Amino acid sequence: MAKKAIHFGGGNIGRGFVAEFLHTAGYEVVFIDVMDNIINELQNTKSYTVTEVSEEGETTKTITNYRAINSKTNEQDVINEIATADIVTCAVGPNILKFIAPVIAKGIEIRSTPKPLAVIACENMIGGTDTLHGYIKENTDSARLDSLGERAQFANSAIDRIVPAQPPNSGLNVRIEKFYEWVVEKTPFGNVAHPDIPAIHWVDNLEPYIERKLFTVNTSHATAAYYGKYSGKATIAEAMRDSFIKDAVRDAMNETASLIVDKHEITASEQQQYVEKIIKRISNPYLEDSVERVGRAPIRKLGRKERFIGPAAQLAERGARYKALLGSVEMALRFQNVEGDDESVELAKILKENSPADATVQLTGLERTHPLFQSVSDVVYQVQSESK
Ligand SMILES: NC(=O)c1ccc[n+]([C@@H]2O[C@H](COP(=O)([O-])OP(=O)(O)OC[C@H]3O[C@@H](n4cnc5c(N)ncnc54)[C@H](O)[C@@H]3O)[C@@H](O)[C@H]2O)c1
Ligand SMILES: O=P(O)(O)OC[C@@H](O)[C@@H](O)[C@H](O)[C@H](O)CO
């Protein structure tokens, strides 16, 4: 029987990563989005292309066998599709999970197929599927909560592939880097076979993979973006050509590496090789990745479990160095009032209206007694002083 995947978010990573690998694994992909233009284009075309760009040249793959539904206007259709699907994935952004949960909960509720639905959130965050699962539970009748696991199984994932904003007029076609990594927990599937998707690396314990990814790829990327924005660079590759910024990135990488090596079964030389690969990837001149895309949503990125405060807090608890990460935090705090980025406007407002300590709590969620708190509060104070 044909396999069916429902994918929320027809954006860059949705089309250029998740749908590509679901398609290659033989799934029909039903895209769900709220943007009329994306849905219309997906409904009016039979294929789009995914082009991998690297110094070795370009390789293009064609994606077919998809449909698309606008969940804003056709919610019941989405519910009916989920009821008969094999897998639900999403790449909508961490702040959107609460909005897609109600419709997923309704689709799960009316399922009658014996095999549970596999749910895998593909967001840049720790415990993305757990968070979605929590919202789905909130939208499930309390009498049906105990049996939810018979209808759906929830597995966390870590995904890695740089997909920049696409040039205007490229339609659905996506230009991306060649490298990719998709790691998913297998334990939540118990005795039920996990989905058959060759691109996925299935693991028992996701924590080392997601922490290594978020605290290396995304910490370095965001560090380059915030330093780059501050010094007037347009792209990450351009920022990485500046030796001062590259050193700041390397310094932050040395700090997160010490945590990753200390905490997980990853040797210093393995981590060093990983770091070198990431520095090369984010410096890729063939990807026109803007500092605004990579720096987007600074409040989310300053969060407690996120790419700066997450590792810095753990380093502070271990009595280890986190000075370079504080430099990245300082630059992130300067990412204010950037056109098209609501969080950057909110960031400016929070910094203007609050004391350093209150702003630190609001922005980072750090506990006032945490060993990292005072250093972050001092950096907040410094950035606040610049605009007085
Ligand atoms: N771009 C990358 O390099 C990359 C790589 C790894 C992970 N990610 C993660 O993937 C996620 C998506 O990132 P992106 O770069 O593809 O962003 P994007 O903005 O290109 O795509 C997000 C899509 O979600 C859609 N959306 C918003 N609200 C929705 C809703 N309620 N229902 C359905 N669709 C909705 C948007 O219309 C958009 O098409 C983020 O969590 C990001 O961190 C991105
Ligand atoms: O998607 P964000 O906003 O969490 O982070 C921006 C980029 O760092 C990110 O999209 C990377 O390109 C991606 O995580 C690479 O795998």
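Every value quoted in this text rests on a predicted model; they were computed, and no experiment measured them.

### Topic: the packing of aromatic side chains
Thought 1: Taken as a whole and judged by the stated rule, the model has 10 aromatic pairs.
Thought 2: Here F189 and W202 contribute two aromatic rings whose centre-to-centre distance is 5.7 Å and whose plane-to-plane angle is 85 degrees, an arrangement assigned as edge-to-face. With F189 in the loop between β11 (181–185) and β12 (200–203) and W202 in strand β12, the pair connects residues that are 13 residues apart, well separated along the chain.
Thought 3: With relative accessibility at 14%, the residue W202 sits in the buried group.
Thought 4: Here Y226 and F335 contribute two aromatic rings whose centre-to-centre distance is 5.1 Å and whose plane-to-plane angle is 75 degrees, an arrangement assigned as edge-to-face.

### Here we look at the packing of helix α16 (residues 356–364) against helix α17 (residues 373–386)
Thought 1: As a packed pair, α16 and α17 sit with axes 8 Å apart at the nearest point and diverge in direction by 110 degrees. As the angle between them shows, α16 and α17 are arranged roughly perpendicular. Taken together, the residues of α17 that come into contact with α16 (itself represented by P356, A357, A359, T360, V361 and T364) are F373, V376, S377, V380, Y381 and Q384.
Thought 2: Considered class by class, the residues forming the contact of α16 with α17 number eight nonpolar, four polar and no charged.

### Quick word on the domain arrangement of the protein
Thought 1: For the protein, the domain assignment lists domain 1 (3–204) and domain 2 (208–387).
Thought 2: Distance between the C-alpha centres of domain 1 and domain 2: 28 Å.
Thought 3: In this assembly, 24 residues from domain 1 lie in contact with 26 residues from domain 2.
Thought 4: Approximately 2,000 Å² of surface area, both sides summed, lies buried where domain 1 meets domain 2, with 60% of it carried by carbon and sulfur atoms.
Thought 5: For domain 1, the biggest contributors to the area lost against domain 2 are N124, I126 and I162; these three give 30% of the whole.
Thought 6: Scanning the region where domain 1 abuts domain 2 turns up four salt bridges.
Thought 7: Of all the elements in the fold, those that place two or more residues in the side of domain 1 that touches domain 2 are β3 (48–54), β9 (157–160), β11 and β12.
Thought 8: Broken down by class, the residue content of the side of domain 1 that touches domain 2 amounts to 14 nonpolar, five polar and five charged.

### Section: the sheet that holds β11
Thought 1: The sheet built from three strands is open, its strands ordered β9-β11-β12 with mixed pairing. Looking at which strands have only one partner, the edges of the open sheet turn out to be β9 and β12. Each adjacent strand pair in this sheet contributes to an overall mean axis angle of 15 degrees, direction not counted.
Thought 2: With four bridges connecting them, β9 and β11 associate as antiparallel partners.

### A closer look at the site of ligand 2
Thought 1: If you check the shell around ligand 2, you find 13 residues, and the closest are D160, K213, H221, R293 and K301.
Thought 2: Within the side chain of D160, an N or O atom sits 2.5 Å from an oxygen atom of ligand 2.
Thought 3: A distance of 2.8 Å separates an oxygen atom of ligand 2 from a polar side-chain atom of R296.
Thought 4: Computed on the free molecule, ligand 2 has an accessible area of 400 Å², of which 94% lies beneath the protein chains in the complex.

### Quick notes on the UniProt feature "domain: Mannitol dehydrogenase N-terminal" (unreviewed entry) in the protein
Thought 1: Here the UniProt feature "domain: Mannitol dehydrogenase N-terminal" (unreviewed entry) sits at residues 4–190.
Thought 2: The straight-line gap between the two end C-alpha atoms of residues 4–190 is 21 Å; of that span, 32% is helix and 29% is strand.

### Some thoughts on the site of ligand 1
Thought 1: Ligand 1 sits among 25 residues. The nearest are I13, D33, M35, E123 and V163.
Thought 2: In this structure, an oxygen atom belonging to ligand 1 sits 2.9 Å away from a main-chain N or O atom of V163.
Thought 3: One of the side-chain nitrogen or oxygen atoms of R293 is found 3.2 Å away from a nitrogen atom of ligand 1.
Thought 4: For ligand 1, the protein covers 85% of the area, taking 830 Å² as the surface of the free molecule.
Thought 5: Listing elements by their share of the shell around ligand 1, those giving two or more residues are α1 (12–24) and β2 (27–33).
Thought 6: For the shell around ligand 1, the class distribution of residues is 14 nonpolar, six polar and five charged.

### A short note on the environment of I87
Thought 1: Relative to the helices and strands, I87 resides in strand β6 (residues 87–90).
Thought 2: With 23 residues separating them in the primary sequence, I87 and T64 have C-alpha atoms 18 Å apart.
Thought 3: Excluding residues that lie within four positions of it along the chain, I87 makes contacts with K4, A5, I6, L22, Y27, L117, A118, I120, P195 and I197.

### Examining the sheet that holds strand β4 (residues 57–63)
Thought 1: Read from one edge to the other, the open sheet built from three strands follows the order β4-β3-β10, with strand pairing classed as mixed. The open sheet has two free edges, formed respectively by β4 and β10 (174–176), since each of these has just one partner strand. With direction set aside, neighbouring strand axes in the sheet form an average angle of 20 degrees.
Thought 2: Relative to β10, β3 runs parallel, the two sharing three bridges. Its bridge partner lying in β10, E52 is registered against I176.

### Structural notes on empty space enclosed by the protein
Thought 1: Under the criterion given, the structure shown has one cavity of 30 Å³ or more.
Thought 2: Estimates place the volume of the largest cavity at around 40 Å³.
Thought 3: Broken down by secondary-structure element, the contributors of at least two residues to the lining of the largest cavity are α8 (236–240) and α10 (268–282).
Thought 4: Tallied by class, residues from the lining of the largest cavity come to five nonpolar, two polar and two charged.

Thresholds applied
Residues numbered from 1 in each chain as written. Chains lettered and ligands numbered in written order. Predicted model: local features only at pLDDT ≥ 70, side-chain atom pairs only at ≥ 80, totals over all residues. Heavy atoms only, no water. Phe/Tyr/Trp six-rings, centres within 6.5 Å; stacked < 30°, edge-to-face > 60°. Helix = DSSP H or I, 4+ residues; strand = E, 2+ residues; numbered from the N terminus. Buried < 20%, exposed > 50% of the residue type's maximum accessible area, 1.4 Å probe, protein only. Axes fitted to C-alpha atoms, helices over the stretch in contact; angles between N-to-C directions. Parallel < 35°, antiparallel > 145°, perpendicular 65-115°, else oblique. Contact = heavy atoms within 4.5 Å. Nonpolar A, V, L, I, M, F, W, Y, C, P; charged D, E, K, R; others polar. Domains from an automatic or database assignment. Buried area = accessible area lost by both parts, 1.4 Å probe. Salt bridge = Lys/Arg side-chain N within 4 Å of Asp/Glu carboxyl O. Pairing = 2+ DSSP bridges. Near = heavy atom within 4 Å. Polar contact = N/O pair within 3.5 Å; in protein donor to acceptor, adjacent residues only side chain to side chain. Areas by Shrake-Rupley, 256 points an atom, 1.4 Å probe, with all protein chains shown as cover. UniProt positions renumbered as here; feature names shortened; annotations may be inferred. 1 Å grid on protein atoms, 1.4 Å probe; cavity = no way out; pocket = protein on both sides within 12 Å on 5 of 7 lines; lining within 4 Å. Points joined across faces, edges and corners; volume = space filled by probe spheres on them.

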